[in-house]
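# A closer look at the structure
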Amino acid sequence: MARTVLGIVAAQIVLYLWGFLVWGLGPYREAIWKKPTDDDAAQQSLLTYFPTEGTYFVPSAQEDGEKMEKLYKDGPLVMVHVLSIRGKPVADMSVMINGFFWNLLVIVLIAIWMKRYAHAFPTYGERFGFVAFAGVIAAVLIDGGGVAWWRMDIPWKIYQGLYDVSVWVIAGAILAACIKPSSSVPRTSETPASPPI
């Protein structure tokens, strides 16, 4: 148990620092995010047409079929995420605090998962590969799905997807060194080499 807790703490520290590099110093704001032609006018327009926080799709799915068909053909098609109506500081500490505990939750879940199936993956490489490949699958489903289903910007989703995979890779690399199969549960020919489907 002590080694598991150590692994969780170490992974949390490394991932928090990694997240600061990726999201605090990363190039996505200049290289991937697009800039409106007029920030002031865009904000005022958003307040007029998107009055509450939440996710909007334009044209709205609540339009009748004929009008929706015309609006779709005319374009543009837009998904808008209104994060805060009243605004927040650029350096919003609540985001850092929420992110800290969200990372911790993810790491704890990965640790529980790895501990549950450690007997099936006796070597470091097998445990690490188990988690890293799961991260690739998750990114393909979630970030790739954003492109396939919601037409999200490909460079932006690739950036997010690479980060998502890196979280699993870093957590897997650290946890695999700390979580090992119990000596009382050796892998035998009857012990599955992979989790049951």
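Check the entry above for the structure.
Conventions and cut-offs
Residues numbered from 1 in each chain as written. Predicted model: local features only at pLDDT ≥ 70, side-chain atom pairs only at ≥ 80, totals over all residues. Heavy atoms only, no water. Helix = DSSP H or I, 4+ residues; strand = E, 2+ residues; numbered from the N terminus. Rg over C-alpha atoms; globule rule 2.2 N^0.38 Å. Buried < 20%, exposed > 50% of the residue type's maximum accessible area, 1.4 Å probe, protein only. Contact = heavy atoms within 4.5 Å. Areas by Shrake-Rupley, 256 points an atom, 1.4 Å probe, with all protein chains shown as cover. Lys, Arg positive; Asp, Glu negative; His and termini not counted. Charge placed at Lys NZ, Arg CZ, Asp CG, Glu CD. Axes fitted to C-alpha atoms, helices over the stretch in contact; angles between N-to-C directions. Parallel < 35°, antiparallel > 145°, perpendicular 65-115°, else oblique. Left-handed = near helix turned anticlockwise from the far one by under 90°. Nonpolar A, V, L, I, M, F, W, Y, C, P; charged D, E, K, R; others polar. Patch = residues over 30% accessible without salt bridge, like charges linked within 9 Å, V, L, I, M, F, W, Y side chains within 5 Å. Salt bridge = Lys/Arg side-chain N within 4 Å of Asp/Glu carboxyl O. Expected span 1.5 Å × (residues − 1). Bend = angle between axes of the 7 residues up to and from the residue. Phe/Tyr/Trp six-rings, centres within 6.5 Å; stacked < 30°, edge-to-face > 60°. Lys NZ or Arg CZ within 6 Å of the ring centre and 35° of its normal.

This paragraph deals with the overall build of the chain. In terms of helices and strands, the chain carries seven helices and two strands. Counting from the amino terminus, helix and strand elements in the chain follow one another as α-α-α-β-α-β-α-α-α. Radius of gyration (C-alpha) of the chain: 22 Å, far over the 16 Å computed for a compact globule of 197 residues. Its C-alpha atoms put the chain at 65 × 40 × 25 Å along the principal axes. A buried classification covers 28% of the 197 residues belonging to the chain. The contacts of the chain with a sequence gap of at least 6 include a subset with a gap of at least 24, amounting to 76%. Here the chain has roughly 13,700 Å² of accessible surface; of this, 68% comes from carbon and sulfur atoms. Side-chain charges in the chain split into 16 positive and 16 negative, and the spacing between the mean points of these groups amounts to 11 Å.

Moving on to the environment of L162. Here L162 is to be found in helix α7 (residues 154–178). Owing to a relative accessible area of 58%, L162 belongs among the exposed residues under this scheme. Sequence separation of L162 and S45 is 117 residues, and the distance between their C-alpha atoms is 33 Å.

Our focus in this paragraph is the packing of helix α1 (residues 2–24) against α7. Orientation of α1 relative to α7, taken along the N-to-C sense of each, is 155 degrees, at an axis distance of 9 Å. Judged by the inter-axis angle, α1 sits roughly antiparallel to α7. Crossing angle aside, the handedness with which α1 passes α7 is right-handed. Contacts between α1 and α7 involve R3, T4, G7, I8, A10, A11, V14, L15, W18, G19, V22 and W23 on the former and, on the latter, W156, Y159, Q160, Y163, S166, V167, I170, A171, I174, L175, A177 and C178. Taken together, the residues that form the contact of α1 with α7 break down as 18 nonpolar, five polar and one charged.

A contiguous nonpolar patch, built from M1, V5, V9, I13 and L17 and spanning about 520 Å² of accessible area, is present on the exposed surface. Along the polypeptide, I13 turns up in helix α1.

Here we take up unusual backbone geometry. In this structure, the amide linkage connecting V58 to the following residue, P59, adopts the cis form with an omega of 5 degrees. Relative to the helices and strands, P59 resides in the loop between β1 (54–58) and α4 (65–74). A cis amide bond links G75 with the next residue in sequence, P76, at an omega value of 0 degrees. Within the secondary structure, P76 sits in the loop between α4 and β2 (78–82). In the Ramachandran plot, R151 falls in the positive-phi region, its phi being about 55 degrees despite a non-glycine side chain. Here R151 shows up in the loop between α6 (124–150) and α7.

The periodicity of an α-helix, 3.6 residues per turn, causes residues three or four positions apart to be oriented the same way. The end-to-end C-alpha distance of α6, which contains 27 residues, comes to 38 Å, matching closely the 39 Å that a straight helix rising 1.5 Å per residue would cover. Of all the bends in α6, the greatest, near 35 degrees, is centred on G144. Restricting attention to buried positions, one finds in α6 the residues R127, F130, V131, A132, A134, G135, A138, A139, D143, G145 and G146.

So, about the packing of aromatic side chains. According to the stated counting rule, one finds 17 aromatic pairs in the structure shown. A centroid spacing of 4.4 Å and a plane angle of 25 degrees characterise the contact between F121 and F130, whose relative ring orientation is stacked. The class of F130 is buried, set by a relative accessible area of 12%. Of the aromatic side chains, those joined through ring pairs into one cluster are W23, Y28, W33, W156, Y159 and Y163. The residue whose ring lies beneath R116 is Y117, and the NZ or CZ to ring-centre distance is 4.8 Å.

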